[in-house]
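Residues per chain, in single letters:
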Amino acid sequence: MSVTTKSEAEIGKMRVAGRLAAEVLDYIAPQVKPGITTGKLNDLCHTYMLEVQGSIPAPLNYAPPGYKPFPKSICTSVNHQVCHGIPGERVLKHGDSLNIDITVIKDGFHGDTSRMFHLGEPGIQARRLVEVTYECMWRGIARVRSGARLGDVGAAIQTHAEQHGYSIVREFCGHGIGRKFHEEPQVLHYGKAGTGLLLEPGMIFTIEPMINAGKSGIRELADGWTIVTKDHSLSAQWEHTVLVTDSGYEVLTVSAGAPPPPQGLVA
Ligand code: MF3
Ligand code: CO
Ligand code: CO
């Protein structure tokens, strides 16, 4: 399999799936408060997707080669958890920071997006890490256009993260997306400008940098899914699904509640 470009009809369906994924985050945002469990957030999102949107939660029973089926409908990754956290009995408390990652399937197409949330007032460290990670995602997105290369995206992300003394998780990356959850290409969040895949109009992929306050090392928990930082430092992630256009990019995972791009960054 190689990198595909999507037709206008397919792009239309990806716009719908992307918006629905973002709208799940809009829906759940007011519920993200101290005292709620990650399992309750999962259940609320699950019901919203099925009953309100008529969408399918892509994570539920997702089982790539070498993995057991993911048991829940969303991913919730708290504090030093990097990604793929499994919702459960954990009670969120003041000072936690949380990534919620939503992937829906609508009409056969996937939309994939995640945001960070702070529970109450964040500490200065968590606030800064989450801000800089958001800027990293957008600096990557801002490089997307026909004729650019994937290395331009990775380099923009890496430069900004490392300028702040943060490190980039290397084992997981963004990905092509469409009828399949994870397609080619792999979108590395580090790299060298001017190298890598040449972008063409109609390509669709995610940009989803995972940035650690400490070292880049990770490990997988015994549940077979949850990824944590080896040094227990805080980790943050944001994700959008992006279409390559002639003149630049179109973010597909947009909704009324999606935070705006950082000021002064994006033309
Ligand atoms: N949504 C994640 C991504 O951005 C993948 C989660 S796989 C799951 O690629 F099985 F954990 F849901
Ligand atoms: Co993704
Ligand atoms: Co995701």
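Scroll up to find the structure.
What you see is a predicted model; the values in this text were computed from it and never measured. (Residues numbered from 1 in each chain as written. Chains lettered and ligands numbered in written order. Predicted model: local features only at pLDDT ≥ 70, side-chain atom pairs only at ≥ 80, totals over all residues. Heavy atoms only, no water.)

Draft legend 1. Spotlight on the nonpolar core. Formed by 31 residues in total, the largest nonpolar core has its most connected members in V144, L199, F205 and I207. Those elements that place two or more of their residues in this core are α3 (124-142), α4 (150-163), β9 (204-207) and β14 (240-244). Top contributing element to this core by residue count: α3, with nine residues. When neighbours within four sequence positions are excluded, I207 is seen to be in contact with M137, G140, I141, V144, V153, I157, V187, H189, W238, E239 and H240. If you look at the next biggest cluster of nonpolar residues, it comprises 20 residues, including A21, I28, L98 and I102. (Core = buried A, V, L, I, M, F, W, Y, C linked by side-chain atoms within 4.5 Å. Buried < 20%, exposed > 50% of the residue type's maximum accessible area, 1.4 Å probe, protein only. Helix = DSSP H or I, 4+ residues; strand = E, 2+ residues; numbered from the N terminus. Contact = heavy atoms within 4.5 Å.)

Draft legend 2. Summary view of the pattern of salt bridges. Scanning the entire structure with this criterion turns up eight salt bridges. Of the charged contacts in the structure, one is a salt bridge between R19 and E23, with a shortest N-O distance of 3.4 Å. Of this pair, R19 and E23 both sit in helix α1 (residues 8-28), four residues apart, roughly one helical turn. Classification of E23 by relative accessible area gives partly exposed; the value is 24%. (Salt bridge = Lys/Arg side-chain N within 4 Å of Asp/Glu carboxyl O.)

Draft legend 3. Expanded view of the coordination of the cobalt ion (ligand 3). At the metal site, the cobalt ion (ligand 3) is ligated by D101 (OD), D101 (OD), D112 (OD) and E239 (OE), and these contacts range over 2.1 to 2.3 Å. What the six donor atoms of the cobalt ion (ligand 3) show is an angle range of 59 to 165° at the metal, which sorts the shape as irregular. If you look at the cobalt ion (ligand 3) and the cobalt ion (ligand 2), they sit 3.3 Å from each other and are both ligated by D112. On the criterion of sequence distance, the pair formed by D101 in strand β4 (residues 97-106) and D112 in strand β5 (residues 109-118) is long-range, its members being 11 residues apart. Comparing D101 with D112 shows no difference in burial state: the two are buried. (Donors = N, O, S within 2.8 Å, 3.2 Å for Na, K, Ca; no water. Tetrahedral: all angles 85-135°; square planar, octahedral: opposite > 155°, others 65-115°.)

Draft legend 4. Summary view of the coordination of the cobalt ion (ligand 2). Coordination of the cobalt ion (ligand 2) by the protein involves D112 (OD), H175 (NE2), E208 (OE) and E239 (OE), with metal-donor separations of 2.0 to 2.2 Å. Around the cobalt ion (ligand 2), the six donor atoms are arranged such that angles at the metal cover 51 to 162°; this shape is classified as irregular. In the primary structure, the donors to the cobalt ion (ligand 2) are separated according to the pattern D-x62-H-x32-E-x30-E.

Draft legend 5. Examining the pairing of strand β2 (residues 75-78) more closely. Neither face of β2 is open: one carries C75 and S77, the other T76 and V78, and all of them are buried. For β2 and β4, the ladder comprises four bridges, and the chain directions are antiparallel. Bridging from a neighbouring strand, T76 pairs with I100 of β4. (Pairing = 2+ DSSP bridges.)

Draft legend 6. Local environment of the sheet that holds strand β12 (residues 227-229). Here three strands make up an open sheet; going across it, the order is β3-β12-β11 and the pairing antiparallel. The strands lining the two open edges of the sheet, one partner per strand, are β3 (81-83) and β11 (218-220). Pairs of neighbouring strands in the sheet enclose a mean axial angle of 40°, with direction left out of account. Across three bridges, β11 lies against β12 in antiparallel orientation. Residue pairing for β12: I218 is matched across the bridge by T229. (Axes fitted to C-alpha atoms, helices over the stretch in contact; angles between N-to-C directions.)

Draft legend 7. How the structure looks around the site of ligand 1. Neighbouring ligand 1 are 14 residues, the closest being P59, D101, H182, E208 and E239. One of the side-chain nitrogen or oxygen atoms of D112 is found 3.1 Å away from an oxygen atom of ligand 1. Against a free-state accessible area of 330 Å², the protein chains account for coverage of 97% of ligand 1. Taken together, the residues that form the shell around ligand 1 break down as six nonpolar, four polar and four charged. (Near = heavy atom within 4 Å. Polar contact = N/O pair within 3.5 Å; in protein donor to acceptor, adjacent residues only side chain to side chain. Areas by Shrake-Rupley, 256 points an atom, 1.4 Å probe, with all protein chains shown as cover. Nonpolar A, V, L, I, M, F, W, Y, C, P; charged D, E, K, R; others polar.)

Draft legend 8. Here's a closer look at the environment of Y67. Tracing the backbone through its elements, the reader meets Y67 in the loop between β1 (56-57) and β2. A sequence separation of 157 residues divides Y67 from G224, and the C-alpha atoms of the two residues are 6.9 Å apart. In this view, Y67 contacts F172, E220, G224 and W225; residues no more than four positions away in its chain are not counted.

Draft legend 9. Geometry of the state of the cysteines. Within this structure, the stated rule accounts for zero disulfides. Here C45 stays free of any disulfide, with the sulfur of C75 as its closest cysteine sulfur at 11 Å. With no disulfide of its own, C173 lies closest to C83 among cysteine sulfurs, the gap being 11 Å. (Disulfide = S-S within 2.5 Å.)

Draft legend 10. Representation of the environment of Y48. On the secondary structure map, Y48 appears in helix α2 (residues 38-53). Taking the relative accessible area as the measure of exposure, Y48 reaches 18% and is therefore buried. Residues Y48 and Y27, spaced 21 residues apart in sequence, show a C-alpha to C-alpha distance of 8.3 Å. Not counting chain neighbours up to four residues away, the residues in contact with Y48 comprise E23, V24, Y27 and Q53.

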